[in-house]
Structure formats: structure tokens, C-alpha cells
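A look at the structure
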Amino acid sequence: MAYVRLFRRVRVAPGIMLNLAKRGPSLSFGVRGGHVTVGKSGVRKTVGLPGTGVFVTSEHGWHSGVHTGQTFHDAAPPLSGWESAVHAICAAFLVLVIIAVGLAFVFALLGV
């Protein structure tokens, strides 16, 4: 019995590939050594060592069982009062750090 594989890859832009196959189109984003492919059967992440043939692939989609588990709100217990306060403080600190880095970048560009 003959096996026919229909597949074509088209480079859309640097780091973006359009994959055309018998089972449908998909879009890949990434660079040599790692990419993410999004298609009708879900999302596939691949990371590898270029030139060695060693790689790891992770799939999330309709047939991987990811949709059969509990939702986040059902699986995670609600935060207590002090946990919520810690999260708020960490978020505020992160915002301040982002603002400080942004200002440092602007001042470096202006030469101040």
C-alpha cells in the first residue's frame, strides 16, 4: 500500500512559517532550536539542540487531554487574606521596577 505525504512550508517573514499539509494549515513561530506551531489540532512547542537531532515536543490541544481536566478556578483554592496581600505587594513592586527600568532607558537615550 502506498503512503502519500502532502506537505509544503512557506516562509512568511523571518521566524514565521506557514505550513500547508493534507490535514490543514498551521503557523509556526520561532527560531532554530525552538518554535511554537499553532494549527487546528492545537499548539505544539518544540525545543532542541540544533545539529544533534535531540529535541523535546509538548502538545496542548483537542486530543492531548488538556481540556478534560479541572478548570483553574476549580483546581486552585482561593487565596487567604495574607496571600492576597503578598500578591498585591509583589505586583506593585513589579510595576515600580518596570517603571524604573523604563525611566533609566529613557534617560540613557536622552543622555541625562
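Residues numbered from 1 in each chain as written. Predicted model: local features only at pLDDT ≥ 70, side-chain atom pairs only at ≥ 80, totals over all residues. Heavy atoms only, no water.

What follows concerns the pattern of salt bridges. For the structure shown, the criterion picks out 1 salt bridge. The partner of Arg44 in a salt bridge is Glu59, and the shortest N-O contact between them spans 3.1 Å. Taken together, the residues span a long stretch of sequence, with Arg44 in strand E5 (residues 42–49) and Glu59 in strand E6 (residues 54–60) at a distance of 15 residues. You can call Arg44 partly exposed: its relative accessible area is 39%. (Salt bridge = Lys/Arg side-chain N within 4 Å of Asp/Glu carboxyl O. Helix = DSSP H or I, 4+ residues; strand = E, 2+ residues; numbered from the N terminus. Buried < 20%, exposed > 50% of the residue type's maximum accessible area, 1.4 Å probe, protein only.)

This part is about the pairing of strand E2 (residues 16–21). Of the pairings in the sheet, the one linking strand E1 (residues 7–13) to E2 comprises 6 bridges and is antiparallel in character. Bridge pairing in E2 links Arg8 to Leu20. Two successive antiparallel strands, E1 and E2, enclose a turn made up of 2 residues, where Gly15 displays a positive phi of approximately 85°. Of the pairings in the sheet, the one linking E2 to strand E3 (residues 26–31) comprises 4 bridges and is antiparallel in character. Paired with Ile16 across the bridge in E3 is Phe29. Where E2 folds back onto E3 in an antiparallel hairpin, the turn is made up of 4 residues, including Gly24, whose phi is positive at roughly 130°. (Pairing = 2+ DSSP bridges.)

Here the focus is the confidence of the model for the chain. The share of residues in the chain with pLDDT of 70 or more is 84%, and the mean pLDDT across the chain is 81. Mean pLDDT across the secondary structure elements of the chain bottoms out at helix H1 (residues 72–75), with 58, and peaks at E3, with 89. (pLDDT = per-residue confidence, 0-100.)

Moving on, we come to the side chain of Asn19. Among the secondary structure elements, Asn19 is positioned in strand E2. Judged by its relative accessible area of 4%, Asn19 falls in the buried class. A distance of 2.8 Å separates the side chain of Asn19 from the side chain of Ser28, its partner in a polar contact. For Asn19, the contacting residues outside a window of four places in its chain are Phe7, Arg8, Arg9, Gly24, Pro25, Ser26, Leu27, Ser28 and Thr37. (Polar contact = N/O pair within 3.5 Å; in protein donor to acceptor, adjacent residues only side chain to side chain. Contact = heavy atoms within 4.5 Å.)

Let us look at helix H2 (residues 81–110). Residues that lie three or four places apart on an α-helix share one face, since the helix turns once every 3.6 residues. In a regular helix each residue adds 1.5 Å, so 30 residues correspond to 44 Å; H2 covers 44 Å between its end C-alpha atoms and thus fits that length. Where H2 ends, the next residue or the one after it, Gly111, has phi of about 80°, a positive value. (Expected span 1.5 Å × (residues − 1).)

One open sheet accounts for 6 strands, arranged E1-E2-E3-E4-E5-E6; its pairing is antiparallel. With one partner strand each, in any of the chains shown, E1 and E6 form the two edges of the open sheet. Ignoring strand direction, the axes of neighbouring strands in this sheet form an average angle of 20°. (Axes fitted to C-alpha atoms, helices over the stretch in contact; angles between N-to-C directions.)

Within the fold, Thr37 resides in strand E4 (residues 34–39). Overall, Thr37 belongs to the buried group, its relative accessible area being 16%. At a separation of 2.9 Å, a polar atom in the side chain of Thr37 contacts the side chain of Ser28. Non-local contacts of Thr37, meaning those with residues more than four positions away in its chain, are made with Asn19, Ser26, Leu27, Ser28, Gly42, Val43 and Arg44.

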